[in-house]
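Here's the letter readout for the chains.
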Amino acid sequence: SSIYIPQHIQSIEATCFNYCRCLKNVQFSDHSELKIIKDKSFSNSGIENILLPSSVSIIKKKCFYNCNRLKNVDLCQNSKLMKVLHSKIHLLKV
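The notes below deal with the structure included here. (Residues numbered from 1 in each chain as written. Predicted model: local features only at pLDDT ≥ 70, side-chain atom pairs only at ≥ 80, totals over all residues. Heavy atoms only, no water.)

## Description of the packing of aromatic side chains
Ring pairs (aromatic) are described by centroid distance and by the angle formed between their planes. Which entries qualify depends on this criterion: Under the pairing criterion, centres of Phe, Tyr and Trp rings, with the six-membered ring standing for Trp, must be within 6.5 Å; the plane angle then separates stacked pairs below 30 degrees from edge-to-face pairs above 60, leaving the rest tilted. Helix numbering and strand numbering both begin at the N terminus, where a helix is a DSSP run of H or I of at least 4 residues and a strand a DSSP run of E of at least 2. For the exposure calls, accessible area comes from a 1.4 Å probe over protein chains only, and a residue counts as buried if that area is under 20% of its type's maximum, exposed if over 50%, partly exposed in between. For a ring to carry a charge above it, either NZ of a lysine or CZ of an arginine must fall within 6 Å of the ring centroid while also lying within 35 degrees of the normal to the ring plane.
Counted according to the given criterion, the structure contains two aromatic pairs. Judged by centre distance (5.3 Å) and plane angle (10 degrees), the ring pair of Phe17 and Phe42 falls under stacked. In this pair, Phe17 is assigned in the loop between β2 (11–12) and β3 (25–28) and Phe42 in the loop between β4 (36–37) and β5 (49–52), connecting sequence segments 25 residues apart. The same class applies to Phe17 and to Phe42, which are both buried. Between Phe42 and Phe64, the ring centres sit 5.9 Å apart and the planes meet at 10 degrees, which makes this aromatic pair stacked. One end of the pair, Phe42, is in the loop between β4 and β5; the other, Phe64, is in the loop between β6 (58–59) and β7 (72–75), and 22 residues separate them in sequence. Assigned by exposure class, Phe42 and Phe64 land together as buried. Feature note: the residues Phe17, Phe42 and Phe64 constitute an aromatic cluster, connected by ring pairs. The ring of Tyr65 carries Lys62 above its face, with NZ or CZ at 5.1 Å from the centroid.

## Digging into the sheet that holds strand β1 (residues 2–5)
How we decide: In this scheme, strands are said to pair when DSSP sees at least two bridges between them. In this description, a line fitted to the C-alpha atoms serves as the axis of each element, helices being fitted only across the stretch in contact, and the angle between N-to-C directions of two axes falls anywhere from 0 to 180 degrees.
Reading across from one edge, β1-β3-β5-β7 is the order of the four strands in this open sheet, with parallel pairing throughout. The sheet is open, and its two edges are formed by β1 and β7, each paired on a single side. Strand-to-strand, the axes of this sheet are offset by a mean angle of 15 degrees, without reference to chain direction. The pairing of β5 with β7 spans four bridges and is parallel.

## Looking at the nonpolar core
This is how it is decided: Among the buried residues, those of types Ala, Val, Leu, Ile, Met, Phe, Trp, Tyr and Cys that are joined through side-chain atoms within 4.5 Å form a nonpolar core. Residue contacts follow a heavy-atom distance rule, with two residues in contact if any of their heavy atoms lie within 4.5 Å.
If you look at the biggest cluster of nonpolar residues, it comprises 19 residues, and the most contacted ones within it are Val26, Phe28, Ile37, Phe42, Ile47, Ile50 and Phe64. Among the secondary structure elements, those contributing two or more residues to this core are β3 and β5. In this view, Phe42 contacts Ile12, Phe17, Leu23, Val26, Ile37, Ile47, Ile50, Cys63, Phe64 and Cys67; residues no more than four positions away in its chain are not counted.

These figures come from the coordinates and say nothing about function on their own.
The structure is reproduced here in structure tokens:
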């Protein structure tokens, strides 16, 4: 299954999609205002790929922890990403 994150969402809260094993695809608005993805937001989920909007500046701890199907975490051009806190992201192709 997939989920669409609307434009005006500024944060994805801690454990929001934790253990959503059926979640495979996350799509963001072209004009996303998302700034922060909090602790374990997608941990233990079934996501396979994710394209983070350029507005994201912080990814908190274990955001993609135990996402065994996750192959790619891609960044949009002009990404504002400044900080990745102890995330599994370093094991993936970014």
